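# Analysis of the macromolecular model
In case you want the letters, here they are:
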Amino acid sequence: MAMATPQAQLTEIDPVWSRIRSEAQDAIATEPLMGGLIHTGVLHHQSFACALAYRLSLKLASDEMGAQILREIIDGAYAAEPELVNSARADLVATYERDPACHRFLQPLFYFKGYQAIQAYRLGHWLWEQGRLDLAYFVQMRVSETFGVDIHPAARIGRGVMIDHAHSVVIGETAVVGDNVSMLHSVTLGGTGKEEQDRHPKIGNGVLIGAGAKVLGNIRIGDCSRIAAGSVVLIDIPACKTVAGVPARIVGEAGCAQPSVSMDQTFKGE
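The shown structure was predicted, so the numbers you read here are calculated from the model rather than taken from an experiment.

Another aspect to go through is unusual backbone geometry. Cis geometry is adopted by the peptide bond preceding Pro247, which originates at Val246 and carries an omega value of -10 degrees. Within the secondary structure, Pro247 sits in the loop between strand 14 (241–245) and strand 15 (248–253). The backbone of Ser186 sits at a positive phi, close to 65 degrees, despite the residue not being glycine. Tracing the chain through its elements places Ser186 in the loop between strand 6 (182–183) and strand 7 (188–190). One non-glycine residue with positive phi stands out, namely Cys240, at about 65 degrees. When you line up the elements, Cys240 lands in the loop between strand 13 (232–233) and strand 14. Accessibility expressed as a relative area gives 35% for Cys240, which makes it partly exposed.

Listed below in structure tokens is the structure:
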């Protein structure tokens, strides 16, 4: 009996990678001029981790630090901490399921700066946890310069997270973001002054944060709550509530079990 090839084995255990490769082949058939980019970005790689490391290294590279050394750093991080890649898969699937503009798994990996920014943040956070602070700060700087997203590497972010559009998102040093959270552009999870201790928001699981919302201070947003676009939240919010306004107040229930998945930002009142 013939032995399975390494690629066939990877396809069998990683359906996300299998689908990305299939979509890459379809994309080349549809647009041959993209063939070189897609081959080097996907089809030349043996795994999702390798393709993601390659993509991030190109995006984060600059005259100060080239793609090759960044690729070695990212490959090392993924080898040492497989959860980085598992989280990247979860974020990719979350983006596909929640963003109506996302029709293929290939899109976040290649084109969506929100997805790429959060994977780069995960690299910076891993470096921070390893005590490699200057390299973590370098990654933070490049994420801000490249994607317009500023996430402190000490912040803690769960898996299955989608940042849609992503422009001008700011997440502070002591912020915590739970699993399965969705947020849109211009969201700030910030402090309220110059205090140096625990000063940033704690966002529960399944929370939806609308565009332009500001959540400020060491406050807690309960699981599966919704924050309306443009709101300024300064107080703790219980689970499963909808808040809106400046300053924000509770205006009703969340309206569904998982707001971050439904992405329903409308409010009809009680």
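Glancing now at the UniProt feature "domain: Serine acetyltransferase N-terminal" (unreviewed entry) in the chain. Mapped onto the present numbering, the UniProt feature "domain: Serine acetyltransferase N-terminal" (unreviewed entry) falls at residues 16–120. The span residues 16–120 shows a helical share of 77% and a strand share of 0%, and its end C-alpha atoms are spaced 19 Å apart.

Looking now at the pairing of strand 14. Note that strand 12 (residues 226–227) and strand 14 share two bridges and pair parallel. If you follow Arg226 over to strand 14, its bridge partner there is Thr242. With five bridges joining them, strand 14 and strand 15 adopt antiparallel strand pairing. In the strand pairing of strand 15, Ala244 is matched with Arg249.

Under the criterion given, the structure shown has nine salt bridges. In this structure, Asp14 engages Arg89 in a salt bridge whose closest nitrogen and oxygen atoms are separated by 2.9 Å. You can see Asp14 sitting in the loop between helix 1 (6–13) and helix 2 (15–30) and its partner Arg89 sitting in helix 6 (residues 83–98), a full 75 residues away along the chain. Look at Asp14 and you get buried, because its relative accessible area is 8%. Asp91 serves as the salt-bridge partner of Arg122, at 2.9 Å between the closest nitrogen and oxygen. One end of the pair, Arg122, is in helix 8 (residues 113–129); the other, Asp91, is in helix 6, and 31 residues separate them in sequence. An identical accessibility class is assigned to Arg122 and Asp91; each is buried.

Calculation criteria
- Residues numbered from 1 in each chain as written.
- Predicted model: local features only at pLDDT ≥ 70, side-chain atom pairs only at ≥ 80, totals over all residues.
- Heavy atoms only, no water.
- Helix = DSSP H or I, 4+ residues; strand = E, 2+ residues; numbered from the N terminus.
- Buried < 20%, exposed > 50% of the residue type's maximum accessible area, 1.4 Å probe, protein only.
- UniProt positions renumbered as here; feature names shortened; annotations may be inferred.
- Pairing = 2+ DSSP bridges.
- Salt bridge = Lys/Arg side-chain N within 4 Å of Asp/Glu carboxyl O.

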